[in-house]
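Now for the letters of each chain:
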Amino acid sequence: MITALSLILAFQLVGEILSRALDLPLPGPVVGLCLLVAACILRPALAARLRPTAQGLLSHLSLFFVPAGVGVVAHWPVLRDHGIGLALAIMGSTLVAIAAGALTFQWVARWTGAVDPSALKGRGDD
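The structure contained in this document is the topic of the report that follows. (Residues numbered from 1 in each chain as written. Predicted model: local features only at pLDDT ≥ 70, side-chain atom pairs only at ≥ 80, totals over all residues. Heavy atoms only, no water.)

1. Here's the deal with the pattern of salt bridges
One pass over the structure, following the stated rule, counts 2 salt bridges. Salt-bridge contacts for Arg20 lead to Glu16; the nearest nitrogen and oxygen are separated by 2.8 Å. Within this pair, Arg20 and its partner Glu16 are both found in helix 1 (residues 2-21), separated by 4 residues, close to a single helical turn. The class of Arg20 is exposed, set by a relative accessible area of 65%. The partner of Asp81 in a salt bridge is Arg80, and the shortest N-O contact between them spans 4.0 Å. Here Asp81 falls in the exposed class, since its relative accessible area comes to 55%. (Salt bridge = Lys/Arg side-chain N within 4 Å of Asp/Glu carboxyl O. Helix = DSSP H or I, 4+ residues; strand = E, 2+ residues; numbered from the N terminus. Buried < 20%, exposed > 50% of the residue type's maximum accessible area, 1.4 Å probe, protein only.)

Rendered as structure tokens:
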């Protein structure tokens, strides 16, 4: 387990180094995760070696939310003073992201000709 955790953390470290050295717009852990996925695709034995440890981490994933909860408690005065504005901003940005995703999906489907006319409401032979 220690070897597998060391490998996972090594990929995160390499991702962090690359992200900072190349001034990438992605966080280091994301770059490291992409490298880890690529390495697991290229070397299935690596994926098999990491699988038990990764499944163990995932089974205890709720523990990773403890720091977020501590952050909420630590910044309670800010949340109390600006909570409504933050909630509205989160809800509004979520709605905009959902709408942008749906519109992009529709645009790509039409652009590629992948639209099924029988699936569209109000069109076709209703």
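2. Considerations on the nonpolar core
Ala4, Phe11, Leu36, Ala39, Leu46 and Leu50 together form the largest nonpolar core, which totals 6 residues. Mapped by element, the contributors of at least two residues to this core are helix 1, helix 2 (28-42) and helix 3 (44-59). Beyond its immediate sequence surroundings of up to four residues, Leu36 is in contact with Phe11 and Leu50. (Core = buried A, V, L, I, M, F, W, Y, C linked by side-chain atoms within 4.5 Å. Contact = heavy atoms within 4.5 Å.)

3. Considering helix 1
In this model helix 1 runs 28 Å from its N-terminal to its C-terminal C-alpha over 20 residues, within 8% of the 28 Å that 1.5 Å per residue would give. For helix 1, every residue scored as buried is listed here: Ala4, Phe11, Gly15 and Ser19. Buried residues along helix 1 cover an arc of 70 degrees about the axis, so they all sit on one side. Exposed side chains of helix 1 directed beyond 90 degrees from the buried face belong to Ile2, Leu9, Leu13, Arg20 and Ala21. Summarising the contacts, the buried residues of helix 1 are in contact with helix 2 and helix 3. Asp23 sits one or two positions beyond helix 1 and adopts a positive phi of about 50 degrees. (Expected span 1.5 Å × (residues − 1). Arc of directions from axis to C-beta.)

4. Overview of a nonpolar patch on the surface
A contiguous nonpolar patch, built from Val14, Leu18, Leu22, Leu24, Leu26, Val30 and Leu35 and spanning about 520 Å² of accessible area, is present on the exposed surface. Sorting the residues of the nonpolar patch by element identifies helix 1 and helix 2 as the ones contributing at least two each. Mapped onto the fold, Val30 is located in helix 2. (Patch = residues over 30% accessible without salt bridge, like charges linked within 9 Å, V, L, I, M, F, W, Y side chains within 5 Å. Areas by Shrake-Rupley, 256 points an atom, 1.4 Å probe, with all protein chains shown as cover.)

By themselves, these figures tell us nothing about what the structure is for.
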